[in-house]
Amino acid sequence: MIIIPADRLGAVQPSMILGLVQKARAVAADGHPIIDLGIDEPDFTTPDHIKAAAIAAIHDDQTRYTVVPGTPELRSAIARKFIRENSLSYSADQITVAGGAKQVIFNALMATLSKGDEVIIPAPYWSSYPDMVAVADGTPVIVDCPQSQMFLISPEQLQAAITPRTRWLMLNSPSNPTGGVYTSEQLEALARVLRDHPQVMIMSDDIYEHLMFDGRKFTYILNVAPDLVDRVLIVNGVSKVFAMTGWRLGYGAGPKALIAQMNTVQGQSSTHACSISQAASIAAIDGPTDFIAERAASFQARRDVVVTALGAVPELSVLSTEGAFYLYPNCAGLIGKRTSEGLVLSTDADVCTWLLERQRVSVVPGVAFGLSPYFKISTAASKAQLSEACGRIATAVATLEPTQ
Ligand SMILES: Cc1ncc(COP(=O)(O)O)c(C=O)c1O
């Protein structure tokens, strides 16, 4: 029997990251342990009080269907969080809970995009964005944001990318994959452009909100442009901040009509997020937060290890970051060089394959994030592992020969 895929899948790229993960596993399975710096999840564990809340919820038989947007108790906890931490006020019907921040984004795109609708995605981007837009029949409009702009979209670029068909601007700060963070002034400048284009909604993906460095404070676009409240969907969740990636729980806050449409999509797909994860997330959101600062400080110290080590490699250029747990070194200085095995490195994908095979260090090529030649390093590893990995990269780079 021939399985005919839906037309919409034609525009979806097979996951380059998944391909690399498979390659890394194959190298490791050959008995060569690798240092894997391609991981998008914290290497910490879920705190005990959150686990205990989940176990209590099971014993309390909170094991049945909940309402589609998430339990009223969880949505109240989320509303309290927005007031306490962000000075933003949302009612229960302006909040929806889904199986991860990813599903919140997916629900929003499915609820709002029709064929030909455009979504502006600043590159480098979280690699799922363009494919999720494509699955929802939309057209990704990729805007290259160079290193000289700290990989952030400028107001001029935003203005130039907007058309009458633009439905969304994707904003991700702190960013995966660059760790870049928009300042209040930068957000204000973007808001000034957006005010002239009421057809454009803003997807504010703030999943790394709590992982900020060097004393920087996190700012929502709504903190500087409250008048855009009817056009902003905030996307957040417990995955990164509470080390709960496997629990699959994210949430969105936005205009009531949009949230209702998103709930319609969810109501006919997964119905709701796992009831136990919802109970655990109340404990997470309402619970102690002192460990978050400790974890952010740990990611900051690891960032420093990588920036110092790779900063000493003249062929690489790495910007220090202000949040999240990623770095995005430029590897233009390696392109066109010949390895000792006689291979010429033509792309960042070649560089990553070579680093994996030769040095057993797994990093992800910039092509997966829409801006080359770079590679992404996740600092979800110990300082010793990061130091070792950077040492291996430096050693390998020193063996490269020019081609002419
Ligand atoms: C920028 C960004 N948004 C959303 C997500 C999805 O988070 P979740 O695990 O809650 O679905 C990720 C996960 O890597 C991410 O990096």
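Further up the page is the structure itself.
Described in the following lines is the structure provided in the data block. A quick note: this is a predicted structure, and the numbers were derived from the prediction, not measured.

## So, the layout of surface pockets
Taking a probe equal in size to a water molecule and rolling it over the atoms shows the remaining empty space. Counted as a void, the largest pocket has a volume near 1200 Å³. Lining the largest pocket are 47 residues, and of these Ile17, Lys102, Trp126, Ser127 and Ser128 lie nearest its centre. Secondary-structure elements contributing two or more residues to the lining of the largest pocket are α1 (16–29), α4 (101–112) and α5 (128–135). For the lining of the largest pocket, the per-class residue count stands at 28 nonpolar, 9 polar and 10 charged.

## Comments concerning the packing of α4 against helix α9 (residues 256–267)
Between α4 and α9, the shortest axis-to-axis distance is 8 Å and the interhelical angle comes to 100°. The angle between α4 and α9 falls in the class roughly perpendicular. In this structure, α4 uses Gln103, Val104, Asn107, Ala108, Met110, Ala111 and Thr112 to contact α9, whose residues at the interface are Leu258, Gln261, Met262, Val265 and Gln266. Looking at side-chain class alone, the contact of α4 with α9 contains 7 nonpolar, 5 polar and no charged residues.

## Details of the sheet that holds strand β9 (residues 326–327)
Overall, antiparallel pairing links the 3 strands, which are arranged β9-β12-β11 in an open sheet. The strands lining the two open edges of the sheet, one partner per strand, are β9 and β11 (364–365). Note: β11 against strand β12 (residues 375–378), 2 bridges, orientation antiparallel. Residue pairing across strands places Val364 opposite Lys376, the latter belonging to β12.

## Focus: the pattern of salt bridges
Evaluated as defined, the whole model comprises 16 salt bridges. One salt bridge connects Lys376 with Asp40, and the closest N-O pair in it is separated by 2.7 Å. Highlighted residues: Lys376 in strand β12 and Asp40 in the loop between β1 (35–36) and α2 (48–59), separated in sequence by 336 residues. For Lys376, a relative accessible area of 1% gives the class buried. When the shortest N-O distance is used, the salt bridge between Arg165 and Asp117 registers 2.8 Å. Here Arg165 is found in the loop between α6 (155–161) and β5 (166–172), whereas its partner Asp117 is found in the loop between α4 and β3 (118–123), with 48 residues between them in sequence. Residue Arg165 is classed as partly exposed on the basis of its relative accessible area, which comes to 37%. By sharing partners, the salt bridges in this structure join Lys81, Glu85 and Glu209 into a single network.

## Examining the nonpolar core
With 56 residues, the main nonpolar core has Phe82, Ile153, Leu158, Leu171, Ile234 and Phe242 as its most contacted residues. Leu171 has contacts with Ile153, Tyr182, Leu187, Leu190, Ile202, Met203, Ser204, Asp205 and Ile221, leaving out every residue within four places of it along the chain. If you look at the next biggest cluster of nonpolar residues, it comprises 35 residues, including Ala98, Ile105, Leu113 and Ile207.

Quick notes on the rules
Numbers given for residues are sequential positions, taken from 1 along each chain in its written order. Selection of residues for local features in this predicted model requires a pLDDT of at least 70, selection of side-chain atom pairs for listing and counting requires 80 or more, and totals for whole chains, interfaces and linings are taken over all residues. To obtain the side-chain values, all non-hydrogen atoms of the structure were included, while hydrogens and water were left out. Within this scheme a cavity is a closed region of a 1 Å grid, computed over the protein atoms alone, that accommodates a 1.4 Å probe without allowing it to escape, whereas a pocket is open but has protein on both sides within 12 Å along at least five of seven lines; lining residues each have an atom within 4 Å of a point. Grid points are joined across faces, edges and corners, and a volume is the space filled by probe spheres set on the points. Each helix is a run of H or I in the DSSP string that is no shorter than four residues. Each strand is a run of E no shorter than two, and both are numbered from the N terminus. Three classes are used: nonpolar for Ala, Val, Leu, Ile, Met, Phe, Trp, Tyr, Cys and Pro, charged for Asp, Glu, Lys and Arg, and polar for all others, with Gly counted as polar. Helix axes use the C-alpha atoms of the stretch in contact, all axes being lines fitted to C-alpha atoms, and the angles between their N-to-C directions lie in the range 0 to 180 degrees. For classification purposes, angles smaller than 35 degrees are called roughly parallel, those larger than 145 roughly antiparallel, those between 65 and 115 roughly perpendicular, and all remaining angles oblique. Contact between two residues is taken to exist if any of their heavy atoms lie within 4.5 Å; hydrogens are not considered. Paired strands are those between which DSSP finds at least two bridges. The term salt bridge refers to a pairing of a side-chain nitrogen on Lys or Arg with a carboxyl oxygen on Asp or Glu at a separation within 4 Å. Three exposure classes are used, based on accessible area relative to the maximum for each residue type with a 1.4 Å probe and protein chains only: buried under 20%, partly exposed in between, and exposed over 50%. Throughout, nonpolar core names a set of buried Ala, Val, Leu, Ile, Met, Phe, Trp, Tyr and Cys residues whose side chains join them through atoms within 4.5 Å.

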